[in-house]
Amino acid sequence: MSILPRQGGGKITVPELLQRKNLAADSPNQNKITCLTAYDYPTAHLMDEAGVDVVLVGDSVGMVMLGYDSTLPLTLEEALHHTKAVRRGVRRALLVADMPYGSYHGDLNESLRNAMRFVKEAGAEAVKIEGGERRLELISRLTEAEIPVMGHVGLTPQSVNALGGYRVQGKTPAAAEQVLRDARAVEAAGAFAIVLEAMPRELAAEITRSVSIPTIGIGAGPDCDGQVLVLHDMLGLTFQEPPKFARRYANIGETISQAVRQYCEDVQSGQFPTDAESYHTPASVKSRKAIAIAR
Ligand code: KIV
């Protein structure tokens, strides 16, 4: 191979993330993995430059960008479209694409073909799939085909109908045991990391201790190897109260509303645009016109 694209210079890779798990034993906080969702070119560009380790094109795109009621309606083509846009904005971070509901639930060969589209057409460096023990065979097939897989256990939003809502998982001893088995299955199948969503911090801590791959928590407490948030929750860009675990770092929604209100006011009061914000006829054209009129 004569060209090594996007490597070196701090590029985050799958082996580097795996290594962080080992380094975390000595200095846990320095080696925490940071992950955020992105769905378009400008936000991907900004967060990559700000130094996030993993950019996830989450299937939450269906809810926060496309206005669906759940992640279930998101299509493969929509997910690919957003992943391609994010790819153009990311240079350093690892780019992971969420496989949408229905794109990996049937035939294994078709699931593999769908996963390959994220890599070949959209430039993803890994895919994320929801589910534990049930996904053993699929995760093995994908990793055999050189596609790094991020697992996702605990609350898996694509199972909302089966779970009966978006609830914290693993609260009883039997339920906690099942989440632990799911995490171990994902690890055994060859995944390079696991998202732990909405579970007691004690359970997430136990899983983090008992698997050799990094755990990335969302609503799973501070003891995971990394954290992920939905960007729109942390920026105040959703139209509801953020979940308990999502800290709001900015209120961009309010900033946008204020800017739009001000713009409308300025247009209607004649304060926008000003003369300085207008183009002018060149002086030479003006003087030619004056001569023509005088004649
Ligand atoms: O779709 C998504 O945004 C996710 C994260 C919450 C992990 O899966």
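Attention here is on the structure that accompanies the text. All figures in this text were calculated on a predicted structure; none of them were measured in a lab. (Residues numbered from 1 in each chain as written. Predicted model: local features only at pLDDT ≥ 70, side-chain atom pairs only at ≥ 80, totals over all residues. Heavy atoms only, no water.)

With respect to the overall build of the chain
Helix and strand content of the chain: twelve helices and eight strands. C-alpha atoms of the chain, sized along the principal axes, occupy 95 × 50 × 40 Å. Looking at the chain as a whole, 44% of its 295 residues qualify as buried. The contacts in the chain between residues at least 6 apart in sequence include a share of 58% that link residues at least 24 apart. (Helix = DSSP H or I, 4+ residues; strand = E, 2+ residues; numbered from the N terminus. Buried < 20%, exposed > 50% of the residue type's maximum accessible area, 1.4 Å probe, protein only. Contact = heavy atoms within 4.5 Å.)

Here's the deal with the site of the ligand
Contacts to the ligand come from T37, L56, G58, D59, S60, D98, K128, H152, V195, I218 and V230. D59 is positioned such that a nitrogen or oxygen atom in its side chain is 2.8 Å from an oxygen atom of the ligand. At a separation of 3.2 Å, an oxygen atom of the ligand approaches a polar side-chain atom of D98. Relative to its free-state accessible area of 260 Å², the ligand is covered by the protein chains to the extent of 96%. The pocket occupied by the ligand, as judged from atoms lying within 2 Å of grid points, is the largest pocket. In terms of residue class, the shell around the ligand is made up of four nonpolar, four polar and three charged. (Near = heavy atom within 4 Å. Polar contact = N/O pair within 3.5 Å; in protein donor to acceptor, adjacent residues only side chain to side chain. Areas by Shrake-Rupley, 256 points an atom, 1.4 Å probe, with all protein chains shown as cover. 1 Å grid on protein atoms, 1.4 Å probe; cavity = no way out; pocket = protein on both sides within 12 Å on 5 of 7 lines; lining within 4 Å. Sits in = over half its atoms within 2 Å of the grid points. Nonpolar A, V, L, I, M, F, W, Y, C, P; charged D, E, K, R; others polar.)

A word on the layout of surface pockets
Approximately 920 Å³ is the volume attributed to the largest pocket. At the level of secondary structure, the elements contributing two or more residues to the lining of the largest pocket comprise α3 (61–64) and β6 (193–197). Its residues assigned to classes, the lining of the largest pocket comprises 18 nonpolar, eight polar and ten charged. (Points joined across faces, edges and corners; volume = space filled by probe spheres on them.)

So, the environment of E16
As for its position among the elements, E16 is in helix α1 (residues 14–23). Between the C-alpha atom of E16 and that of K32, which follows or precedes it by 16 residues, the distance is 12 Å.

Focus on the sheet that holds β6
Taking strand neighbours around the barrel as the criterion, the eight strands line up as β1-β2-β3-β4-β5-β6-β7-β8 in a closed arrangement whose pairing is parallel. Here the average twist between neighbouring strands, direction ignored, is 25°. Bridge analysis of strand β5 (residues 149–154) against β6 gives five bridges, and the strand direction is parallel. In the strand pairing of β6, G154 is matched with E197. The strands touched by helix α8 (residues 173–189) within the sheet are β5 and β6, with β5 carrying the most contacts at an inclination of about 175°. (Pairing = 2+ DSSP bridges. Axes fitted to C-alpha atoms, helices over the stretch in contact; angles between N-to-C directions.)

Nothing here speaks to function; it is all geometry.
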